[in-house]
Amino acid sequence: ANVDVDLTDCTFEACHYIWQGITLQEDVKVSSYGKCVFKDATWAINSHSGSDFYLNKCDFTNNIFGISAVIETPFPEGNFTITHCNFNFSGVLKASYPTQIPIGTHPTAGIYMENRHGIIGSNKYSANTFFNLNTGIQLINSTIQIYNASFEAIHTDGISTLEYMGSAIYTNDELGVSQTT
């Protein structure tokens, strides 16, 4: 990676309006092995093609998407690890920033991945937890193994009209085949 950022014991939080989060462009690597908190973002971590992220013991609170990892073409480079992280909603979401599309009343998903392959979780660490979200994990055209995860109070906020809201895990391949659990 051309840019390598290590985060330990950091808090990223919005003031008055929801913020756009941290964007990882190509050839960026972000690692957080200490206790980091990401709050009030549209995408707390927004990873693009060729970027890597390694997250352990992180809290994602009141984000529309905790982690968004979208790659334009299926399965190019881009590694990730997500272990012992908490994705949750408590209280109320911050107001939208002026140019943002309205966001609803609850986070959309803890993790959203498109055209990715890899592993979420590990039996060597405490569980990734998903609490009080519209959807825990959304996977589009991705091959992901999920280990050691806990989903609680996953439900629709009543505003979204997408049929899979309220699912712990939602999958959909590029042919339109979908599955919810």
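Analysis parameters
- Residues numbered from 1 in each chain as written.
- Predicted model: local features only at pLDDT ≥ 70, side-chain atom pairs only at ≥ 80, totals over all residues.
- Heavy atoms only, no water.
- Helix = DSSP H or I, 4+ residues; strand = E, 2+ residues; numbered from the N terminus.
- Buried < 20%, exposed > 50% of the residue type's maximum accessible area, 1.4 Å probe, protein only.
- Contact = heavy atoms within 4.5 Å.
- Salt bridge = Lys/Arg side-chain N within 4 Å of Asp/Glu carboxyl O.
- pLDDT = per-residue confidence, 0-100.

**Student:** Help me get a handle on the environment of glycine 166, residues and values and all.
**Tutor:** Its location among the elements puts glycine 166 in the loop between β17 (149–152) and β18 (169–172). Overall, the relative accessible area of 33% leaves glycine 166 in the partly exposed class. Separated by 43 residues in the primary sequence, glycine 166 and asparagine 123 place their C-alpha atoms 26 Å from one another. With near-sequence residues (within four places) excluded, glycine 166 lies in contact with Asn134, Thr135, Ile154, His155 and Thr156.

**Student:** Any chance you could break down unusual backbone geometry for me, citing the residues and the numbers?
**Tutor:** Despite not being glycine, asparagine 132 shows a phi value in the positive range, around 60 degrees. The residue asparagine 132 is located in the loop between β14 (128–131) and β15 (135–140) in this model. Residues other than glycine seldom take positive phi values, yet alanine 153 does so here, at roughly 55 degrees. Checked against the element boundaries, alanine 153 lands in the loop between β17 and β18. Judged by relative accessible area, which is 38%, alanine 153 ranks as partly exposed.

**Student:** For the pattern of salt bridges, give the residues involved together with the corresponding values.
**Tutor:** The final tally for this structure, using the stated rule, is 3 salt bridges. Between aspartate 4 and lysine 29 there is a salt bridge; the shortest N-O distance is 3.6 Å. Of the two residues, aspartate 4 sits in strand β1 (residues 3–7) while lysine 29 sits in strand β4 (residues 28–32), which places them 25 residues apart along the sequence.

**Student:** I'd love a proper account of the confidence of the model for the protein chain, names of residues and values included.
**Tutor:** A residue-level look at the protein chain finds 90% of positions with pLDDT of 70 or above and a mean pLDDT of 85. Looking across the protein chain, the model is least confident in strand β19 (residues 178–180), with a mean pLDDT of 49, and most confident in β14, with 98.

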